[in-house]
There are 2 protein chains.
Amino acid sequence: MKYEVGRMRIGELSERTNTSRRLLRYYEEQELIIPARCANGYRDYDERLVDRVMQIRGLLDAGLPTRIIKQILPCLDKPRIIHFADATPEMIATLELERDRMTKRIRCLTRNRDALADYLDAVRDDNRPGSATGADDSPA
Amino acid sequence: MKYEVGRMRIGELSERTNTSRRLLRYYEEQELIIPARCANGYRDYDERLVDRVMQIRGLLDAGLPTRIIKQILPCLDKPRIIHFADATPEMIATLELERDRMTKRIRCLTRNRDALADYLDAVRDDNRPGSATGADDSPA
DNA sequence: TCAAACCTTCACATGAATGTGACGGCCAAC
DNA sequence: GTTGGCCGTCACATTCATGTGAAGGTTTGA
């Protein structure tokens with residue numbers, strides 16, 4: 001089997017995305033990615049799917065279910081190649097809802113991340129020379 | 001049973017946080033919240049737990065597992081009441097790791113949310129009077 | 001005193017994202 | 001032509017956040 005440049009089998013995609021083959025097949029089952037097939041039945045992935053898989057993993061990690069990812073992915077593809085075919089009013093409403101949910105998540109994460117960062121900064125300052133155990137010792 | 005102001009049983013907390021009683025008990029089992037107990041065995045929640053529960057739900061929804069939430073929650077409590085007792089080097093490393101993971105999530109969400117918002121704006125513009133199906137119809 | 005509406009614990013069920021392994025086909029190198 | 005390393009499907013196992021319901025105690029109000 002010869003492979004074109006920019007095309008790969010599941011093993012290479014797995015390595016390049018640090019994602020188990022099992023999961024790549026799962027994402028396909030969920031219709032997040034749709035690889036071509038070689039004559040022998042092997043999956044045949046385009047190089048661009050490397051980024052696509054990373055994007056999927058990022059969104060999954062941020063709490064989006066595959067069901068939603070599947071819906072928003074096509075809208076993110078090419079900035080201006082808009083798919084109007086599936087732009088039914090209900091679909092648009094769903095996407096708007098999801099956009100707002102993402103905004104909420106961003107706010108929640110930012111707030112808590114900042115608080116955590118503040119805590120870490122404070123703890124680091126405390127472990128400096130010239131500081132006691134950290135209890136209250138105000139210079140009376 | 002009389003209840004002090006600012007104290008409540010599981011039913012009220014459930015309503016005020018829009019969270020099932022089952023989940024409140026689950027969060028307790030995971031040691032995210034630790035309610036007091038009345039003489040009769042009923043859980044006795046402080047009013048401040050309303051916000052706490054919302055915070056937990058937000059973080060869960062953003063992809064954090066309860067295990068991690070349990071670790072970061074105490075650091076977020078009072079900005080300056082820092083718990084140095086549990087500030088072991090390993091714990092700090094864990095928190096830093098988690099802070100960075102949150103930053104990654106924020107970036108991923110922001111990028112995709114913005115792209116989704118752009119798509120929605122474009123679709124809305126397309127459904128304006130004076131526009132065809134969306135195909136190419138440049139004013140030749 | 002009885003009923004309704006709380007509360008308790010226990011336990012089994014589910015859906016989603018994953019892991020793991022069995023069993024077999026394809027292909028390249030020796 | 002056999003061996004090893006890919007690949008395919010199938011299927012069962014696990015973890016986590018949740019739902020659901022049973023069986024029983026407590027409180028409140030008619």
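Since we're looking at a predicted model, the values are computed, not measured.

Colleague: Even after reading the chapter, I still don't get the sheet that holds strand 3 (residues 43-46) of chain B, so can you show me in this structure?
Modeller: Neighbouring strands of a sheet are bound in pairs by backbone hydrogen bonds; such pairs are parallel or else antiparallel. All names here are of chain B. Strand order in the open sheet formed by three strands is 1-3-2, and the pairing between neighbours is antiparallel. Strand pairing shows two members of the sheet lacking a second neighbour, strand 1 (7-8) and strand 2 (36-37), which therefore form its edges. In this structure, strand 1 lies alongside strand 3, joined through two bridges in antiparallel fashion. Looking across to strand 3, one finds that R7 is bridged to D46.

Colleague: How should the interface of chain B and chain A be read in this particular structure?
Modeller: Where interface size is given, it is often the accessible area lost as the parts come together that is meant. If you look at the interface, chain B gives 41 residues, while chain A gives 41 residues. Interface of chain B and chain A: buried area, both sides summed, is about 3,900 Å²; carbon and sulfur atoms make up 71% of it. When the buried surface of chain B facing chain A is broken down by residue, L109, L116 and Y119 of chain B rank first, second and third, together holding 17% of it. Linking chain B with chain A are six salt bridges. Between E96 of chain A and R124 of chain B there is a salt bridge; the shortest N-O distance is 2.5 Å. Viewed at the interface, chain A and chain B are joined by 10 residue pairs in polar contact (both at pLDDT 80 or more). The leading source of residues in the side of chain B that touches chain A is helix 5 (residues 89-126) of chain B, at 24 residues.

Colleague: Can you walk me through helix 4 (residues 66-76) of chain A in this structure?
Modeller: The α-helix advances 3.6 residues per turn, and as a result positions three or four apart in sequence lie on the same side. Turning to helix 4 of chain A, its buried residues are T66, I68, I69, I72, L73, C75 and L76 of chain A. Taken around the axis of helix 4 of chain A, the buried residues stretch over an arc of 165 degrees, which confines them to a single face.

Colleague: Can you walk me through the packing of aromatic side chains in this structure?
Modeller: Each aromatic ring pair is characterised by the separation of its centres together with the angle its planes make. Counted by the stated rule, this structure contains two aromatic pairs over all chains. A ring pair is formed by Y26 of chain A and Y27 of chain A, whose centres lie 6.1 Å apart and whose planes are at 55 degrees; its orientation type is tilted.

Colleague: In this structure, what is going on with the packing of helix 1 (residues 10-17) of chain B against helix 2 (residues 21-29) of chain B? I would like to understand it.
Modeller: Residue and element names in this part refer to chain B. Orientation of helix 1 relative to helix 2, taken along the N-to-C sense of each, is 105 degrees, at an axis distance of 9 Å. Here helix 1 is positioned roughly perpendicular relative to helix 2, judged by the angle of their axes. Taking contact as the criterion, the partners of I10, G11, L13, S14 and T17 in helix 1 are, on helix 2, R21, L24 and R25. Classifying every residue of the contact of helix 1 with helix 2 by side-chain character gives three nonpolar, three polar and two charged.

Colleague: I'm lost on the pattern of salt bridges in this one. Help?
Modeller: Pairing is possible between side chains of opposite charge, provided their charged atoms come close. Tallying each qualifying case throughout the model produces 32 salt bridges over all chains. Residue D44 of chain A pairs with R7 of chain A through a salt bridge whose shortest N-O separation is 2.7 Å. Taken together, the residues D44 of chain A in strand 3 (residues 43-46) and R7 of chain A in strand 1 (residues 7-8) connect sequence positions 37 residues apart. Note on R7 of chain A: relative accessible area 25%, which makes it partly exposed. With its nearest N and O atoms 3.2 Å apart, the salt bridge here joins D61 of chain B to R101 of chain A. With D61 of chain B in helix 3 (residues 49-61) and R101 of chain A in helix 5 (residues 89-126), this pair bridges two chains. Exposure remark for R101 of chain A: the relative accessible area of 34% places this residue in the partly exposed category. Taken together, the shared-partner salt bridges connect R7, D44, D46 and R48 of chain A into one network.

About the thresholds
- Residues numbered from 1 in each chain as written.
- Chains lettered and ligands numbered in written order.
- Predicted model: local features only at pLDDT ≥ 70, side-chain atom pairs only at ≥ 80, totals over all residues.
- Heavy atoms only, no water.
- Pairing = 2+ DSSP bridges.
- Helix = DSSP H or I, 4+ residues; strand = E, 2+ residues; numbered from the N terminus.
- Contact = heavy atoms within 4.5 Å.
- Buried area = accessible area lost by both parts, 1.4 Å probe.
- Salt bridge = Lys/Arg side-chain N within 4 Å of Asp/Glu carboxyl O.
- Polar contact = N/O pair within 3.5 Å; in protein donor to acceptor, adjacent residues only side chain to side chain.
- Buried < 20%, exposed > 50% of the residue type's maximum accessible area, 1.4 Å probe, protein only.
- Arc of directions from axis to C-beta.
- Phe/Tyr/Trp six-rings, centres within 6.5 Å; stacked < 30°, edge-to-face > 60°.
- Axes fitted to C-alpha atoms, helices over the stretch in contact; angles between N-to-C directions.
- Parallel < 35°, antiparallel > 145°, perpendicular 65-115°, else oblique.
- Nonpolar A, V, L, I, M, F, W, Y, C, P; charged D, E, K, R; others polar.

None of the figures reported here should be taken as evidence of function without further support.
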